[in-house]
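Descriptive analysis of the structure
The chain contents come next:
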Amino acid sequence: MKPYTCGLDAAADVIGGKWKPRILWALSHGPRRFGELRKEVSGVTEKMLIQQLRELESRRIVHREVYRQVPPKVEYSLTPLGETLNVALAPLDLWGAEHMEELESSRC
């Protein structure tokens, strides 16, 4: 693997794609079960959500807690590293909210 060329390169590698930032944002409100995440991240398929959660877990951004009970219960939450990433995403959310109308009108 090639080394990152800058901090933005490293961050984009972790949150790249359509779904990861939205998953992280949903988890900023506290631990969520899979079904809750699926509802909060509207439009994501089950397969894609599973894939994205696994990738975020492998990067130590998301923690997966399995509770040994019947029926089985699994919760996803942000790790301390994931929490710092969400802090970094907050200004991007503000920018998007401030410019949403202009961005929607210029969308192809």
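None of the values given here were measured: they were computed from a predicted structure. (Residues numbered from 1 in each chain as written. Predicted model: local features only at pLDDT ≥ 70, side-chain atom pairs only at ≥ 80, totals over all residues. Heavy atoms only, no water.)

Attention shifts here to the overall build of the protein. Across its full length, the protein carries six helices and three strands. Each helix and strand of the protein, placed in order from N terminus to C terminus, yields the pattern α-α-β-α-α-β-β-α-α. Taken along the three principal axes of its C-alpha coordinates, the protein extends 50 × 35 × 25 Å. Considering only residue pairs separated by 6 or more positions, the protein has 46% of its internal contacts joining residues 24 or more positions apart. Side-chain charges in the protein split into 16 positive and 15 negative, and the spacing between the mean points of these groups amounts to 9 Å. (Helix = DSSP H or I, 4+ residues; strand = E, 2+ residues; numbered from the N terminus. Contact = heavy atoms within 4.5 Å. Lys, Arg positive; Asp, Glu negative; His and termini not counted. Charge placed at Lys NZ, Arg CZ, Asp CG, Glu CD.)

Our focus in this paragraph is the environment of L103. Considering the arrangement of structural elements, one finds L103 in helix α6 (residues 100–105). With 21 residues separating them along the chain, L103 and G82 place their C-alpha atoms 27 Å apart. Ignoring any residue separated from it by four or fewer positions in sequence, one finds L103 in contact with W95 and G96.

This part covers the UniProt feature "domain: HTH hxlR-type" (unreviewed entry) in the protein. Those residues carrying the UniProt feature "domain: HTH hxlR-type" (unreviewed entry) are residues 6–104 in this numbering. Summarising residues 6–104: 62% helix, 14% strand, and an end-to-end C-alpha distance of 30 Å. (UniProt positions renumbered as here; feature names shortened; annotations may be inferred.)

Of the pairings in the sheet, the one linking strand β2 (residues 62–67) to strand β3 (residues 73–78) comprises six bridges and is antiparallel in character. Looking at the pairing, Y67 lines up with K73 of β3. Connecting β2 to the next strand, β3, in antiparallel fashion are five residues. (Pairing = 2+ DSSP bridges.)

The antiparallel open sheet is built from three strands, whose spatial order is β1-β3-β2. With one partner strand each, in any of the chains shown, β1 (32–33) and β2 form the two edges of the open sheet.

A word on the packing of helix α2 (residues 20–27) against helix α4 (residues 46–58). Contact pair α2 / α4: the axes reach a minimum separation of 10 Å and the direction vectors enclose 75 degrees. Between α2 and α4, the interaxial angle falls into the category roughly perpendicular. Contacts between α2 and α4 involve K20, I23 and L24 from the former and L49, Q52, L53, E55 and L56 from the latter. A breakdown of the residues in the contact of α2 with α4 according to their chemical character gives five nonpolar, one polar and two charged. (Axes fitted to C-alpha atoms, helices over the stretch in contact; angles between N-to-C directions. Parallel < 35°, antiparallel > 145°, perpendicular 65-115°, else oblique. Nonpolar A, V, L, I, M, F, W, Y, C, P; charged D, E, K, R; others polar.)

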